[in-house]
2 protein chains.
Amino acid sequence: MKKVIHIFIVGTGKVGTQFLKLISEKSELKTENGDFIFKIAGIANHSRMLINHKGINPADWKLNLLKTGEPAIIKSFISRMQKTDLTNSIFLDCTDGDEIVKYYDVILRSIPIVTPNKSANSGTYQKYLALKKTVKRFKTDFRYSANVGVGLPSLDVINSLLSGGDRITSIEGLFSSTMNYLLDKLLITNKKFSELLKEAHDKGLTEPDPRNDLNGIDTARKILILAREAGYKIEMSDIEIENLVPPILRNINLLDKFYNSIKIADSKFDSLKKLAVKTKRKLVYSARLRNNKVSVGIEMVDSGHPFYSASSNEKVVLFYSEFYNENPLIIKGQSGGAKATASVLVSDILKTVG
Amino acid sequence: MKKVIHIFIVGTGKVGTQFLKLISEKSELKTENGDFIFKIAGIANHSRMLINHKGINPADWKLNLLKTGEPAIIKSFISRMQKTDLTNSIFLDCTDGDEIVKYYDVILRSIPIVTPNKSANSGTYQKYLALKKTVKRFKTDFRYSANVGVGLPSLDVINSLLSGGDRITSIEGLFSSTMNYLLDKLLITNKKFSELLKEAHDKGLTEPDPRNDLNGIDTARKILILAREAGYKIEMSDIEIENLVPPILRNINLLDKFYNSIKIADSKFDSLKKLAVKTKRKLVYSARLRNNKVSVGIEMVDSGHPFYSASSNEKVVLFYSEFYNENPLIIKGQSGGAKATASVLVSDILKTVG
């Protein structure tokens, strides 16, 4: 018997589009737990929405949404979704930011949620805990593997350690491919940091506004979520973040103006490079939970450190625990980008219904 | 409310003794899933056995077994265990070999099993599958995390990949600390293989009979179990094993005689070393599942390979899958020995009752 999974997707940006593409290419999946058929039962974005019990063709969603959809009102999308009462329904939040998150509690009362959106888990601890409680109370599921180091089974590893009675004492990780690409290049080329940043931006390796990479907030959110999953009650405001954007450039509106002035950061990176080369160390932008404190920033590691051999496109997470007290448990893998994220969403959906 | 876990342990060798020591030092455990009390409700070894509903003091088990125990008859130990009908009972098999394994099917009908013993999973595929079916049918649990790379959550990672719809295409691993210690030393010292082996033996780094390290069977069992967990129907006899014991030394009974003759293996290792040094590669004793075939033996890896930077006391497993198709998912950690094994057993027990 094939199980039909009914997906209600909100958000059709990069990740949402990639997910729909993936489903249109491969709508049936044989797994160890059985055979599954993916059906898109609803789509909404900031302008239009559409619900169709019988399924919306994911290859043709744009036209469908335009022709048979109606203006988007997220509240009514959710209430109609809940009224459909289809088996194996999943709410898939592919939006950014906080807007949809405020409905999670209501949604979870009847439908499990899968999302790459970090907002719910990186908001206040109280909100984080409240959602956990809702999930428990309604015996439902809320999965967000793509929140942290897309594709690495970090959350499953934490769960495996904790359910075995272990206590996680420290977590260290490399999460920002962009930052670690820049720091790598800084050491192996003769280019200045500002040049490398411009180059990376032109190659599409940075966020549209590269300050969203440089400010460390995304890395901080990831370690925050890992720390919370490991049992630490930590707020975003507790995290010491090394923001690599010089203070006077943080509020400039025009990107061109930012690029003209980012040269002022070069001298800092020049001296970092000098010290690293002299002491035969490598520069990484890392996140760490140590002694109940979380911090994010540039770190110099010597050749014995597991980060030393990591290439910039690899995500690495080290776990220290009562069991792994001297040497960490290391998980490492290369991934990221919208396509990998879409696969992780499929994986979370299958785990939810499986 | 504290949950009491009733443990029936068979086998009081290195691992069993270490487990009892661990429990005597820490009989209560607070975890994310609640608080647990470990009670030893039964102990048996090859000579004596004892069952006591109220619990046997694990610090004093030897005297207890001697004074109040009776001659061991494993069949009656099992039937009496089943009659106690205690909540949260666990059968913990700390023996080596096949003797207890033949009772697993009967035991699992009422009590879950935790074991570091690889015999059940590395026997015939039919037997492996039959146990899986029994576990499913009786909705019970059979856990054996310590079978493979003690402490690394390899089995949980496989499960995480499979339940997410991924398909594992290849597995590579370093499992033998002893072999990799010898190959490491071979490259960085001027000593011959035979000298290094004798030294390692004298330091207690090898099995009592080092041929049990050199023959590759233990490594083969580990990759066999991983491959089966990943969904491959493979028999031990399908595995191509590079046995490092020269054929004429395989049937010598006296260890002294073996050590006197193992020099004949040196020339092989000399030329391996020469080639490795010349090509700037490293020697490892690895296990691999590739293209549906499993093999175990010496491999030369260059500096780009994840095994290159692994130290000999680290276990490393690489997973290639549909998702991790270009670069593997890597898990890595240092562990092994009776103490670590005992901790993994505690972890498996908690996962079983948790």
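Residues numbered from 1 in each chain as written. Chains lettered and ligands numbered in written order. Predicted model: local features only at pLDDT ≥ 70, side-chain atom pairs only at ≥ 80, totals over all residues. Heavy atoms only, no water.

## Description of the overall build of chain A
Secondary structure assignment for chain A yields 14 helices and 14 strands. Against the 2.2 N^0.38 benchmark of 20 Å for 354 residues, chain A shows a C-alpha radius of gyration of 22 Å, consistent with a compact globule. Each principal axis of the C-alpha distribution contributes one length, and for chain A these read about 65 × 50 × 35 Å. For chain A, with 354 residues in total, the buried portion stands at 55%. Across chain A, contacts joining residues at least 24 apart in sequence account for 66% of those joining residues at least 6 apart. Per element, the accessible surface of chain A, about 16,300 Å² overall, is 50% carbon and sulfur. Seen as two clouds, the 52 positive and the 38 negative side-chain charges of chain A have centres 2 Å apart. (Helix = DSSP H or I, 4+ residues; strand = E, 2+ residues; numbered from the N terminus. Rg over C-alpha atoms; globule rule 2.2 N^0.38 Å. Buried < 20%, exposed > 50% of the residue type's maximum accessible area, 1.4 Å probe, protein only. Contact = heavy atoms within 4.5 Å. Areas by Shrake-Rupley, 256 points an atom, 1.4 Å probe, with all protein chains shown as cover. Lys, Arg positive; Asp, Glu negative; His and termini not counted. Charge placed at Lys NZ, Arg CZ, Asp CG, Glu CD.)

## Focus on the packing of aromatic side chains
Residues and elements named next belong to chain A. Applying the stated criterion to the full structure yields 13 aromatic pairs over all chains. A centroid spacing of 6.5 Å and a plane angle of 75° characterise the contact between Phe8 and Phe77, whose relative ring orientation is edge-to-face. You can see Phe8 sitting in strand S1 (residues 2–10) and its partner Phe77 sitting in helix H3 (residues 74–84), a full 69 residues away along the chain. Ring plane angle 85° and centroid distance 4.9 Å describe the contact between Phe323 and Tyr324, whose orientation is recorded as edge-to-face. Accessibility expressed as a relative area gives 23% for Phe323, which makes it partly exposed. Three or more aromatic residues joined by ring pairs make a cluster, and in this case those are Tyr104, Phe142 and Tyr144. It is Arg228 that lies over the ring of Tyr128; its NZ or CZ is 5.3 Å from the centre. Here Lys268 stacks its cationic end above the ring of Phe269, 5.9 Å away from the centre of that ring. (Phe/Tyr/Trp six-rings, centres within 6.5 Å; stacked < 30°, edge-to-face > 60°. Lys NZ or Arg CZ within 6 Å of the ring centre and 35° of its normal.)

## Topic: the relation of the copies chain A and chain B
Once chain A is rotated about the relating axis by 180° and shifted along it by 0.0 Å, it coincides with chain B to within an RMSD of 0.0 Å. When the rotation and shift are considered jointly, the pair of chain copies conforms to a two-fold rotation axis. Of the C-alpha atoms belonging to chain A, the one lying closest to the rotation axis is found on Ile331(A), 2.3 Å away. The fraction of interface residues of chain A whose copies in chain B are also interface residues reaches 97%, indicating that both copies meet through the same surface. (Least-squares fit on C-alpha atoms with pLDDT ≥ 70 in both.)

## Here's the deal with the pairing of strand S14 (residues 329–334) of chain A
Of all six residues in S14(A), five are buried, a share of seventy percent or more. As judged from the six bridges shared by strand S13 (residues 314–321) of chain A and S14(A), these two strands associate in the antiparallel manner. From the neighbouring strand, Val317(A) faces S14(A), where its bridge partner is Ile331(A). Alignment of S14(A) against strand S14 (residues 329–334) of chain B, held across three bridges, turns out to be antiparallel. Bridging from a neighbouring strand, Ile330(A) pairs with Lys332(B) of S14(B). (Pairing = 2+ DSSP bridges.)

## What to know about the packing of helix H8 (residues 177–188) of chain A against helix H9 (residues 193–202) of chain A
All names here are of chain A. It is the contact of H8 with H9, at a shortest axis distance of 10 Å, that shows an interaxial angle of 130°. Considering the angle they form, H8 stands oblique to H9. In this structure, H8 meets H9 at a crossing whose hand is right-handed. Seen from H8, the contacting residues are Tyr181, Leu182, Lys185 and Leu186; seen from H9, they are Phe193, Leu196, Leu197 and Ala200. Residues of the contact of H8 with H9, tallied by class, amount to seven nonpolar, no polar and one charged. (Axes fitted to C-alpha atoms, helices over the stretch in contact; angles between N-to-C directions. Parallel < 35°, antiparallel > 145°, perpendicular 65-115°, else oblique. Left-handed = near helix turned anticlockwise from the far one by under 90°. Nonpolar A, V, L, I, M, F, W, Y, C, P; charged D, E, K, R; others polar.)

## Considering the domain arrangement of chain A
Accessible area lost on assembly of the parts is the figure often given for the size of an interface. All names here are of chain A. Under the domain assignment used here, chain A contains domain 1 (2–151 + 338–353) and domain 2 (163–334). Using only C-alpha atoms to locate each centre, domain 1 and domain 2 end up separated by 30 Å. At the junction of the two partners, domain 1 supplies 13 residues and domain 2 supplies 15 residues. On the domain 1 side of the contact with domain 2, Lys118, Tyr125 and Val148 bury the most area, a combined 48% of that side's loss. Counting the contacts that link domain 1 with domain 2 gives two salt bridges. Note that Lys118 is salt-bridged to Asp218, the shortest N-O span being 3.1 Å. Where domain 1 meets domain 2, there are eight residue pairs in polar contact (both at pLDDT 80 or more). Of all the secondary structure elements, the ones that give two or more residues to the side of domain 1 that touches domain 2 are helix H5 (119–122) and helix H6 (125–137). Among the elements that take part in the side of domain 1 that touches domain 2, H6 stands out by supplying four residues, more than any other. (Domains from an automatic or database assignment. Buried area = accessible area lost by both parts, 1.4 Å probe. Salt bridge = Lys/Arg side-chain N within 4 Å of Asp/Glu carboxyl O. Polar contact = N/O pair within 3.5 Å; in protein donor to acceptor, adjacent residues only side chain to side chain.)

## Topic: the interface of chain A and chain B
Each partner contributes to the interface: chain A provides 35 residues, whereas chain B provides 35 residues. In total, about 2,600 Å² of surface goes out of reach between chain A and chain B, with carbon and sulfur atoms giving 58% of it. Together, Ser163(A), Phe323(A) and Ile330(A) form the three largest contributors to the area buried by chain A at its contact with chain B, with a combined 18%. Across the contact surface, chain A and chain B share two salt bridges.

## Observations concerning unusual backbone geometry
All names here are of chain A. Located in the positive-phi region is Lys139, a residue other than glycine, with phi close to 45°. Within the secondary structure layout, Lys139 lies in the loop between H6 and strand S8 (142–143). Accessibility expressed as a relative area gives 77% for Lys139, which makes it exposed. Positive phi, normally seen in glycine, also occurs at Asn292, with a value near 65°. Under the relative-accessibility criterion, Asn292 is labelled exposed at 57%.

## Focus: the pattern of salt bridges
Residue and element names in this part refer to chain B. With the rule as written, the count across this model stands at 44 salt bridges over all chains. Arg290 is paired through a salt bridge with Glu172; the nearest N and O atoms lie 3.4 Å apart. Of this pair, Arg290 sits in strand S11 (residues 282–290) while Glu172 sits in strand S9 (residues 168–174), and the two are 118 residues apart along the sequence. With relative accessibility at 35%, the residue Arg290 sits in the partly exposed group.

## A few points about helix H3 (residues 74–84) of chain B
Residue and element names in this part refer to chain B. Residues Ile74, Phe77, Ile78, Met81 and Thr84 constitute the buried set of H3. Buried residues of H3, seen end-on, are gathered within an arc of 120° and therefore sit on one face of the element. Those residues of H3 that are exposed and angled more than 90 degrees off the buried face are Lys75 and Lys83. Where H3 ends, the next residue or the one after it, Asp85, has phi of about 55°, a positive value. (Arc of directions from axis to C-beta.)

## So, the environment of Lys273(B)
Residue and element names in this part refer to chain B. You can see Lys273 is positioned in helix H13 (residues 266–278). Residues Lys273 and Leu186, 87 residues apart in the sequence, show an inter-C-alpha distance of 7.2 Å. Aside from chain neighbours lying at most four places away, what touches Lys273 is Leu186, Leu187, Thr189, Asn190 and Leu283.

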